[in-house]
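Single-letter residue listing:
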Amino acid sequence: MSASGRILIVDDDPASLSSLGEAMTREGYAVTLASSGEEALKLGKEQEFDVVITDLRMLGVDGLQVLRVFKSSRPETAMIVMTGFASMETVVDAISAGAHDYISKPFQLDQMRLKVRQSLETAKLLRENRDLREKVLNQDLPGIIGSSPAMVEVYKTIAKVATTDATVLVQGESGTGKELVARSIHRLGPRKERPFLPVNCTSVVESLLESELFGYVRGAFTGASSSKRGIFEAANRGTVFLDEIGDTSPAMQSKLLRTLESGEVMPVGGNAALHVDVRVIAATNRDLTELVNHGKFREDLYYRLKVVTIQLPALRDRLSDLPLLFDFFVKRYSTRRGKTLAVHPDVLSYLEGFPWPGNIRQLENVVERAVTLNASGVFTLEDLPDEILRHGRPRPKPRSRPWLTLDQMQERYIQEVVEATGGNITHAAEILGIDRRTLYRKLGRQQAEPAG
């Protein structure tokens, strides 16, 4: 990709094509010209463009066809439609087909320059989001699902930090998928062939957590008949995931800080430190800043852990992703149980109205239970637990509004343009791409057009 961007200009008017091509080339863009829609589609199969500027009315393959094909095959390409025959219908058609912007001929080159700059920025963001999502989601990590803005930010951070050795702190409520994020960072990074070892700091008794993490030597305590490697040593050159780090004791926090700073572990009962090369990813559902302020978490360890922070949104804050998650879990557990289920539309409405205090983990549990117990072949409200039926509320359907005909839309648009120009018929006609006489007729004015 060139620094300035790659632009395809499509127009069957040789003079217009050449003029615009020269102007865009002077701006520093890598410009390709196509004198027909057919040529544009052929070039689109061979090359990738950041922006396509296409005339609307062309013989053979017209601009709308060019627009639809590009948006279907290369949706990240920003499309600008230009025409000398602007109307409400053409605007509606172009925008509906996926045009990023629309400009009437004749236009000022400064107008086009601005639209191209804006379109290039849009194309860059779309491509970046696509690449980052694919990089993460292609790793067979089924829990990381969603296309909401909050999740796109998560994907970006995962992709950027995965190739580094930076310590990462993943924050989020229980059930939001913190371990899945940690696993994706590991699998996308240079340590992917080495171990990924998770430890839940709350599931191990405090007195045993030290020996679990750092190992112990023979005779270190009663029952230690042989030495044992700890998780840090076993994960050498790999990744250790410390879940619920906020629940560790001050003594354990001190030992973890020492390991993070020195790269060494001291087995329980040992007198010689072992060097380990381990990446640490920590996670918590607690507010570590508040714990630091209350003296319950070491400030120096806090800053050592949060070199990079990933904040996972609660499910209630990304409800646009719920249908994707729901569909995934229905398919997963239907396959496991050897079933084929249809889903009644009311189910999703109730699920979207529930607050989901247990987040994705709770949703998965609800779906697994429903699929397991279902005997009818149709997932209905009867398959949902009482708590969903009691507290969930189907989202209100949007109120219907009267639809306008194309003639009514055109009339409204013309009135808006005339009002915006202060009643200047000549200026309004130029904006609309029609002559003044036609504009007077559309406005329903039968008087003669003013002289001059």
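## Comments concerning the overall build of the protein chain
Move 1: When you go through the protein chain residue by residue, the secondary structure sums to 19 helices and 14 strands.
Move 2: Taking all 452 residues of the protein chain together, the buried fraction comes to 44%.
Move 3: Considering only residue pairs separated by 6 or more positions, the protein chain has 70% of its internal contacts joining residues 24 or more positions apart.
Move 4: Accessible surface, the protein chain: about 23,500 Å² in total, of which carbon and sulfur atoms supply 50%.

## Topic: empty space enclosed by the protein
Move 1: Evaluated as defined, the whole model comprises two cavities of 30 Å³ or more.
Move 2: Looking at the second largest cavity, its volume works out to about 40 Å³.
Move 3: If you go around the second largest cavity, the residues you meet are A162, T164, D165, I185, H186, G189, P190, R191, T239 and R279.
Move 4: Classifying every residue of the lining of the second largest cavity by side-chain character gives three nonpolar, four polar and three charged.

## Observations concerning helix α18 (residues 425–432)
Move 1: What α18 keeps buried is the set I425, A428, A429 and L432. Projected down its long axis, α18 shows its buried positions confined to an angular sector of 100°, all on one face.
Move 2: Capping the start of α18, N424 holds a side-chain oxygen 3.2 Å from the backbone nitrogen of T426, two or three residues further along.
Move 3: Positive backbone phi, approximately 75°, marks G433, located one or two places after α18.

## Quick look at the sheet that holds strand β4 (residues 78–83)
Move 1: A sheet is described by the order of its strands in space; here five strands give the open sequence β2-β1-β3-β4-β5, paired in parallel fashion. Among the strands making up the open sheet, the edge pair consists of β2 (30–34) and β5 (101–104). Neighbour-to-neighbour, the strand axes of this sheet turn through a mean angle of 20°, independent of strand direction.
Move 2: As judged from the four bridges shared by β4 and β5, these two strands associate in the parallel manner. Residue pairing for β5: M82 is matched across the bridge by I103.

## Examining the confidence of the model for the protein chain
Move 1: In this model, the protein chain carries a mean pLDDT of 85, and residues with pLDDT of at least 70 account for 89%.
Move 2: Taken as a whole, residues 445–452 scores under 50 in pLDDT and shows eight contacts with residues more than four places along the chain or in a different chain.

## Considering the packing of helix α2 (residues 37–46) against helix α3 (residues 63–73)
Move 1: The interhelical angle for the contact between α2 and α3, taken along N-to-C directions, is 10°, at an axis separation of 9 Å. If you check the angle between α2 and α3, you find them roughly parallel. Taken together, the residues of α3 that come into contact with α2 (itself represented by G37, A40, L41 and G44) are V66, V69 and F70.

## Here's the deal with the sheet that holds strand β6 (residues 168–171)
Move 1: Taken in spatial order, the five strands make up an open sheet running β7-β8-β11-β6-β12, and their pairing is parallel. With partners counted over all chains shown, the strands left at the sheet margins are β7 (196–200) and β12 (308–311), one partner each. For this sheet, the mean angle separating the axes of adjacent strands, direction not counted, is 20°.
Move 2: The sheet contact formed by β7 and strand β8 (residues 239–243) spans five bridges and is parallel. Its bridge partner lying in β8, L197 is registered against V240.

## A word on the pairing of strand β3 (residues 51–55)
Move 1: Within β3, five of the five residues are buried, which leaves the element mostly enclosed by the surrounding structure.
Move 2: Across the two faces of β3 the burial is the same, with V51, I53 and D55 and V52 and T54 all buried.
Move 3: Where strand β1 (residues 6–10) lies against β3, four bridges are found, and the strand directions are parallel. What sits directly across from V10, in β3, is T54.
Move 4: As defined by bridge partners, β3 adjoins β4 across five bridges and the pair is classed as parallel. Bridge pairing in β4 links V51 to A78.
Move 5: In terms of handedness, the path from β3 via α3 over to β4 forms a crossover that is right-handed.

## What to know about the environment of M79
Move 1: Position of M79 among the secondary structure elements: in strand β4.
Move 2: The spacing of M79 and L8 is 71 residues in sequence and 9.7 Å in space, taken between C-alpha atoms.
Move 3: Apart from residues no more than four positions distant in its own chain, M79 is found in contact with V52, V66, L67, F70, K71, A99, H100 and D101.

## Concerning helix α15 (residues 359–373)
Every α-helix winds through 3.6 residues per turn, so residues three or four apart in the chain are directed the same way.
Move 1: If you check α15, its first and last C-alpha atoms are 22 Å apart, about what 15 residues at 1.5 Å a residue would give, namely 21 Å.
Move 2: All buried positions along α15 are accounted for by N359, I360, Q362, L363, E364, V366, V367, A370 and V371.
Move 3: Check the buried side of α15 and you find it contacts α13 (322–337), α14 (345–353), β14 (378–379) and α16 (386–391).

## A few points about the packing of helix α8 (residues 206–214) against helix α10 (residues 250–262)
Move 1: With their axes 11 Å apart at the nearest point, α8 and α10 run at an angle of 10° to one another. It follows from the interaxial angle that α8 and α10 lie roughly parallel. Contacts between α8 and α10 involve E206, L209, E210, L213 and F214 on the former and, on the latter, M252, K255, L256 and T259.
Move 2: Here the residues of the contact of α8 with α10 sort into five nonpolar, one polar and three charged.

## Examining the pattern of salt bridges
Move 1: One pass over the full model with this rule turns up 16 salt bridges.
Move 2: Residue K42 pairs with E46 through a salt bridge whose shortest N-O separation is 2.8 Å. One end of the pair is K42 and the other is E46, both in helix α2 and four residues apart, which spans about a single turn. Across the pair, E46 and K42 agree in class, each one exposed.
Move 3: A salt bridge links R183 to E179; the nearest nitrogen and oxygen atoms lie 3.0 Å apart.

Cut-offs applied
- Residues numbered from 1 in each chain as written.
- Predicted model: local features only at pLDDT ≥ 70, side-chain atom pairs only at ≥ 80, totals over all residues.
- Heavy atoms only, no water.
- Helix = DSSP H or I, 4+ residues; strand = E, 2+ residues; numbered from the N terminus.
- Buried < 20%, exposed > 50% of the residue type's maximum accessible area, 1.4 Å probe, protein only.
- Contact = heavy atoms within 4.5 Å.
- Areas by Shrake-Rupley, 256 points an atom, 1.4 Å probe, with all protein chains shown as cover.
- 1 Å grid on protein atoms, 1.4 Å probe; cavity = no way out; pocket = protein on both sides within 12 Å on 5 of 7 lines; lining within 4 Å.
- Points joined across faces, edges and corners; volume = space filled by probe spheres on them.
- Nonpolar A, V, L, I, M, F, W, Y, C, P; charged D, E, K, R; others polar.
- Arc of directions from axis to C-beta.
- Polar contact = N/O pair within 3.5 Å; in protein donor to acceptor, adjacent residues only side chain to side chain.
- Pairing = 2+ DSSP bridges.
- Axes fitted to C-alpha atoms, helices over the stretch in contact; angles between N-to-C directions.
- pLDDT = per-residue confidence, 0-100.
- Parallel < 35°, antiparallel > 145°, perpendicular 65-115°, else oblique.
- Right-handed = clockwise from strand over helix to strand, strands pointing away.
- Expected span 1.5 Å × (residues − 1).
- Salt bridge = Lys/Arg side-chain N within 4 Å of Asp/Glu carboxyl O.

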